[in-house]
Amino acid sequence: MKSVVKQEVLALNGDEAVAYAVKQSDVDVVAAYPITPQTIIVEKFSEYVANGEVETEFVCTESEHSALTACLAASATGARAFTASASAGLALMHEMLFVTSGCRAPVVMAIANRALSAPLNIHGDHSDTMAQRDSGWIQMYVENAQEAYDSIIQAFRIAENLHVLLPVIVGLDGFTLSHTLENVQTLSDEAVKKFVGTRQFPKVMSHEGKTVPFRLDPENPMSMGPIALPNYYFEFKRQQEEAMRNALSVIQHVNEEFGKISGRSYGDGLLDPYMLDDAEIAVVCLGSTAGTVKAVVNELRADGVKAGVLRMRTFRPLPVDGIVDALRKVKAVAVMDRSMSFGGSGGPVFHEVRHALYDLPAHPYIVNYIYGLGGRDTSPTQIRQIFEDLRGIVQTKRVESSVKYVGLRE
Amino acid sequence: MFSEWKFTAKDIAEKPDLFLSGHRACAGCGPATVLRLIMKAVRGPTIVTNATGCMEVVASIYPYTSWATPWLHTAFETAAANAAGIETALKIMKKKSKIKQEQIDVIALAGDGGTYDIGIQALSGAVERGHDFLFVLYDNEAYMNTGIQRSGGTPLGASTTTSPAGTAIPGKLEHKKPIADIMVAHGMPYVATASPYYWRDLLVKVRRGIEVNGPAFLHVFAPCPRGWRSDPAKSIELSRLAVETCIFPLWEAVNSEYQLSAPSKVMALSPQKKKLVKEYLQVQGRFRHLFTPKYEKMLGDIQRITDERWQRLLKKCGITQPAKTA
Ligand SMILES: Cc1ncc(C[n+]2csc(CCOP(=O)(O)OP(=O)(O)O)c2C)c(N)n1
Ligand code: SF4
Ligand SMILES: [Mg+2]
């Protein structure tokens, strides 16, 4: 794809790329609380505010719980709101994640993915966001700082789409992405502002029987966040599920639209396959690890091995049909999980991919690799070994153990 | 600093209600009366946000609502953070011409649980940051919505379901946290206490809390017949007794300067009018055990502590009491 607008290359780390995207997205309210490795986002944004470079109110709250709550309330009032967090901060927000999605507040949040205590660890893994899987937020994981920048801009369009109206998390791997400098192509302020547009509101029926915009407006009074008893609660939840389903095509569409102005798109927005068309063995993963896996695939391909990668860019809503299509012809699949589901049978991504393939008449062999917890490095050699294992499985037609750990002292 | 507008009974009768009837509060509910009164004192377009608790639950059962003004509930501990978010959004949206109203006021409502206990962090943070909103604590002195459990605002000796009066323990052993003083210590521009019996005083304070620039905190006494085991017909009488016994004195602190409000000033200037706490305690089932030989010592403790707190308040207000013979 060719870019239709002029772009400027800036040297930014992942956190700075996020802050820069927020700066350009005509955000009204940013409320946040610092935590490693997200701090740079908050600091950078504070700088923009201090220098008068943004028309945004920044609220440096006393906790993440209040940060998300303030964003939710600002969003209910009609503002475009953004926050960022990680690890313990996201865990502290847990209660409010459900309230935010339940109130249908299109808040966007960047998460610099980090391990959860205990033991305390500030490094990257996906335990924090995976623990929020069922909170009703759209979840996207990016591969590099460029994609972090692009995805934050896209996230506002996705969240605020009237068929969606759900909050979005954009996850970037702690340190690997949050703190690593990259050349990032950036759009002009005007191009971004135009792309995100102004926030629209659905029309709903108020208690006075009038059709009113869905926000707190003294001219059109409405009660938001009420109590719903067993006679109504269930329908609210079903509507959230419907919105998630709608998000699938909206994410695809926004990815495509963004491609038109920037020349960059990420697979179909949901899944980003690499060398998968004729692949016999494949790795499924999220986030920055995909970069390493792609490099290994290039080497294997040079040796004539039919290897491929399926990077899951969108984890919620789960693109089930896309996963099935992408993997149906593969003989053996390794799913990489950077978090654990203690006592479950493998990690959360494994559960999902294996589940998606269940309805195929003949599905590939599938194994799970838990890797990189607490920031442990995963090397190309280890990825090569995973592909080697897959070749063995194809040859022997046997999976010896469905859950394995990468680079772990046992 | 404040407008001179005084509320008359006619004003109140003529002003349309913003907290409407039809909600499901118990008969004689003090908090429901307080909310209705408060909403009579707004100065214009107002957004209300409510912590989880009785008042949220009785008034917003989907698809019904008692709120004729925009209203938001998110969680139990979040009233102040909600207000912070709303106020911030209004500020920037006005600046960007995304809304047309010149002025929209923000009121946060929370019970004692949502203020003294689980909500104090968000409240303290929002006040420290200086958001322009009025926080109204309606104090019914326990977690009523969940079945009368103790809070940091439950008074000494009260029997609740988590501080029950038993054969070994005489109800709650800890004192009521001086929440309004804690708020004054934040250095905030306006803090006041009020009681619905003195409705005009309450309304004026609401209006002042709204008019002041920056955060305001209003602590309103709100009897709960269900939780206090009191006669539903006596809620307003109790809210008078609490002031007359100086259990709940009425005062204002404008920029941390304490000043007694008229109903309590009477008690200060004519100490003989100050009633014994016993009179207030004996009409409430939650204190019934204190009127048995086993626990009656506590009555003395409550009287002593009430007097001590009262004297401390008088000092803060710069009042020296007239000698008895004067
Ligand atoms: C985080 C959280 N913990 C506990 C509860 C349960 N809960 C709901 S309301 C409430 C008590 C409310 O007490 P208070 O603030 O005094 O209001 P009241 O019901 O007395 O009006 C409790 C404990 C909750 N909703 N959320
Ligand atoms: S329990 Fe108390 S506060 Fe709650 S509605 Fe009944 S009287 Fe009002
Ligand atoms: Mg209470």
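See the structure above.
Below is a short write-up of the structure. This is a predicted model, so every value here is computed, not measured. (Residues numbered from 1 in each chain as written. Chains lettered and ligands numbered in written order. Predicted model: local features only at pLDDT ≥ 70, side-chain atom pairs only at ≥ 80, totals over all residues. Heavy atoms only, no water.)

## With respect to the overall build of chain B
For chain B, the helix and strand inventory stands at 13 helices and eight strands. Taking 2.2 N^0.38 as the reference for a compact globule, 326 residues should give roughly 20 Å; the C-alpha atoms of chain B span a radius of gyration of 19 Å, in line with that estimate. With respect to the three principal axes, the spread of C-alpha positions in chain B is 65 × 50 × 40 Å. For chain B, the residues scored as buried account for 60% of the 326 residues in total. Taking as baseline every contact in chain B between residues at least 6 positions apart, the subset at least 24 positions apart corresponds to 71%. About 13100 Å² of surface is accessible on chain B, with carbon and sulfur atoms providing 55% of the total. Computed over 41 positive and 29 negative side-chain charges, the separation of the two mean positions in chain B equals 1 Å. (Helix = DSSP H or I, 4+ residues; strand = E, 2+ residues; numbered from the N terminus. Rg over C-alpha atoms; globule rule 2.2 N^0.38 Å. Buried < 20%, exposed > 50% of the residue type's maximum accessible area, 1.4 Å probe, protein only. Contact = heavy atoms within 4.5 Å. Areas by Shrake-Rupley, 256 points an atom, 1.4 Å probe, with all protein chains shown as cover. Lys, Arg positive; Asp, Glu negative; His and termini not counted. Charge placed at Lys NZ, Arg CZ, Asp CG, Glu CD.)

## Considering the packing of aromatic side chains
Ring pairs (aromatic) are described by centroid distance and by the angle formed between their planes. Residue and element names in this part refer to chain A. Scanning the model with the defined rule gives 17 aromatic pairs over all chains in all. With a centroid separation of 6.0 Å and an interplanar angle of 90°, the aromatic rings of F45 and Y48 are classed as edge-to-face. In this pair, F45 and Y48 both sit in helix α2 (residues 39–50), three residues apart, roughly one turn of the helix. One exposure class covers both F45 and Y48, and it is buried. Aromatic pair F45 and F58: ring centres 6.4 Å apart, planes at 55°, arrangement tilted. Residue F45 is located in helix α2, and its partner F58 is located in strand β3 (residues 57–60); the two are separated by 13 residues in the primary sequence. (Phe/Tyr/Trp six-rings, centres within 6.5 Å; stacked < 30°, edge-to-face > 60°.)

## Quick notes on the coordination of the magnesium ion (ligand 3)
Residue and element names in this part refer to chain B. Within the protein, D112 (OD), N140 (OD1) and A142 (O) serve as the donor atoms for the magnesium ion (ligand 3), at 1.9 to 2.0 Å. Here the donor residues of the magnesium ion (ligand 3) are spaced in sequence according to D-x27-N-x1-A. Note that D112 is positioned in the loop between β3 (105–110) and α5 (113–117) and A142 in the loop between β4 (134–139) and α7 (179–184), a separation of 30 residues in sequence. A142 matches D112 in its accessibility class, with the two residues each being buried. (Donors = N, O, S within 2.8 Å, 3.2 Å for Na, K, Ca; no water.)

## Quick look at the nonpolar core
Counting residues in each nonpolar core, the largest one holds 81 residues, and the members touching the most others are F82, I138, I152, M312, L327 and V353 of chain A. Taken domain by domain, the makeup of this core includes at least three residues from each of domain 1 (8–201 + 236–262) and domain 2 (271–405) of chain A. Listed in part, the 74 residues of the second largest apolar core include A70 and C103 of chain A together with I99 and I319 of chain B. (Core = buried A, V, L, I, M, F, W, Y, C linked by side-chain atoms within 4.5 Å. Domains from an automatic or database assignment.)

## Description of the site of ligand 1
Close contacts around ligand 1 come from 18 residues, with C54, D112, G114, Y138 and N145 of chain B the closest. More than one chain lines the surroundings of ligand 1; the residues nearby belong to chains A and B. With respect to ligand 1, the side chain of Y138 of chain B contributes an N or O atom lying 2.6 Å from an oxygen atom. In the environment of ligand 1, an oxygen atom lies 2.9 Å from a nitrogen or oxygen atom belonging to the backbone of A142 of chain B. If ligand 1 stood free it would expose 580 Å²; the protein chains cover 78% of that surface. A breakdown of the residues in the shell around ligand 1 according to their chemical character gives seven nonpolar, eight polar and three charged. (Near = heavy atom within 4 Å. Polar contact = N/O pair within 3.5 Å; in protein donor to acceptor, adjacent residues only side chain to side chain. Nonpolar A, V, L, I, M, F, W, Y, C, P; charged D, E, K, R; others polar.)

## Considering the pattern of salt bridges
Residue and element names in this part refer to chain A. In this structure the tally under the stated criterion is 51 salt bridges over all chains. A salt bridge links R338 to D173; its shortest N-O distance comes to 3.8 Å. With R338 in the loop between β16 (332–337) and α11 (348–357) and D173 in strand β7 (residues 168–173), this pair connects stretches of sequence that are 165 residues apart. Residues R338 and D173 agree in their burial class; the two are buried. It is possible to trace a salt-bridge network through shared partners that takes in E143, E147, D272, K294, R311 and R313. (Salt bridge = Lys/Arg side-chain N within 4 Å of Asp/Glu carboxyl O.)

## Overview of unusual backbone geometry
Glycine aside, residues mostly have negative phi angles, and peptide bonds mostly take the trans form. In this chain, T36 of chain A is followed by P37 of chain A through a cis amide linkage whose omega measures 0°. Inspection of the secondary structure assignment puts P37 of chain A in the loop between β2 (29–32) and α2. Even without a glycine there, the phi angle at S87 of chain A is positive, about 40°. Inspection of the secondary structure assignment puts S87 of chain A in helix α4 (residues 87–102). On the accessibility criterion, S87 of chain A (2% relative accessible area) is buried. Unlike most non-glycine residues, S256 of chain B shows phi in positive territory, near 70°. By the element assignment, S256 of chain B lies in the loop between β7 (251–254) and β8 (257–260). Here S256 of chain B falls in the partly exposed class, since its relative accessible area comes to 33%.

Bear in mind that shape data such as this cannot, by itself, settle questions of function.
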